[in-house]
Amino acid sequence: ARPRDAVRRYLVAFNVGSNGAAMDEERRLSGAVKTRYYAVVYDLLEDVETRLQKILSPTPDGELVGTAIVKQLFDIGKLGRVAGCGVETGYVKKSSNVRVMAGDSIKFSGKLRTLRNVKTDVDRVDAGSDCGLSFKEWEDIEVGDVVECYEEV
C-alpha cells in the first residue's frame, strides 16, 4: 500500500537486500520513499541520530542577522502575496536564508523571492526601514509573523 504523505520518508533495511518488486515500487513513488540499507547497527543509529538532529534543530544553519515584523499583507498580481514588514533588528538581505515564526512555531524556512523598499528591488534593508517581502513557493504569511534572516558564517 502507498503511504500517506510519504514525502521525506525512509524505509530502513537492515542486513537484507531488496527484491525487484520493492525497487519498482520505490521508482513508482518517484522518490517519496527512499530505502536506506545498513549492515552495521551503529551506522543505522548514527544516520538516524543525524537526521533527527537536523529536523529538531532549533535554529537554521548560520547566524541571525536581522528580524522583521509583518505589519500588512498585499496581494500583488503575478507576485502573489507580499508581506509589508518593518525591519526591527539588524538587516534583511535578499540572498540570505529566512525563517518565518508565529510565536514558537516555525511556519516557513527557505529563501526570499523578492525584497523591495518603496517599490524598488533592493539587496538589503536595515533596521528602522520598511520593506516588502515575498517568499519562494510559499504565501501563508500573516500579520504579526516574525521573519528571521540568517547568513552562513
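No experiment lies behind these values; they were computed from the predicted model shown.

About the criteria used
- Residues numbered from 1 in each chain as written.
- Predicted model: local features only at pLDDT ≥ 70, side-chain atom pairs only at ≥ 80, totals over all residues.
- Heavy atoms only, no water.
- Polar contact = N/O pair within 3.5 Å; in protein donor to acceptor, adjacent residues only side chain to side chain.
- Helix = DSSP H or I, 4+ residues; strand = E, 2+ residues; numbered from the N terminus.
- Disulfide = S-S within 2.5 Å.
- Buried < 20%, exposed > 50% of the residue type's maximum accessible area, 1.4 Å probe, protein only.
- Core = buried A, V, L, I, M, F, W, Y, C linked by side-chain atoms within 4.5 Å.
- Contact = heavy atoms within 4.5 Å.
- Pairing = 2+ DSSP bridges.
- Right-handed = clockwise from strand over helix to strand, strands pointing away.

Engineer: It is not clear to me how helix α1 (residues 20–28) should be interpreted in this structure. Could you clarify?
Structural biologist: An α-helical turn contains 3.6 residues, so a residue and the one three or four places further along point in the same direction. For α1, the N-terminal capping position is held by asparagine 19, with its side-chain oxygen 3.3 Å away from the main-chain nitrogen of alanine 21. Phi for serine 30, located one or two positions after α1, is positive at around 50°.

Engineer: Which parts of the structure should I look at to understand the state of the cysteines?
Structural biologist: Between two cysteines, a covalent bond joining their sulfur atoms is known as a disulfide. One pass over the structure, following the stated rule, counts 0 disulfides. The thiol of cysteine 85 is unpaired, and the distance to the nearest cysteine sulfur, on cysteine 131, comes to 5.1 Å. Residue class for cysteine 85 comes out buried when judged on its relative accessible area of 1%. The exposure class of cysteine 131 is buried, given its relative accessible area of 6%.

Engineer: Can you help me understand the nonpolar core in this one?
Structural biologist: Taken as a class, soluble globular proteins show a tendency for nonpolar side chains to be buried jointly. By size, the foremost hydrophobic cluster in this structure holds 21 residues, and its most contacted members are Val92, Leu133, Phe135, Ile141 and Val147. Within the residue set of this core, elements represented by two or more residues are β3 (63–76), β4 (80–93), β5 (97–102), β6 (105–117), β9 (130–135) and β10 (146–151). Tallying contributions element by element places β4 first for this core, with 5 residues. Setting aside residues no more than four positions away along its own chain, valine 147 makes contact with Gly66, Thr67, Ala68, Val70, Val98, Arg99, Val100, Leu133, Phe135 and Ile141.

Engineer: Is there a simple way to think about the pairing of strand β1 (residues 9–14) in this case?
Structural biologist: Remark: a regular strand shows side chains that alternate across the two faces of the sheet. As paired strands, β1 and strand β2 (residues 33–38) are joined by 6 bridges and run parallel to one another. Bridge pairing in β2 links phenylalanine 14 to tyrosine 38. In this fold, β1 hands off to α1, which returns the chain to β2; that crossover is right-handed.

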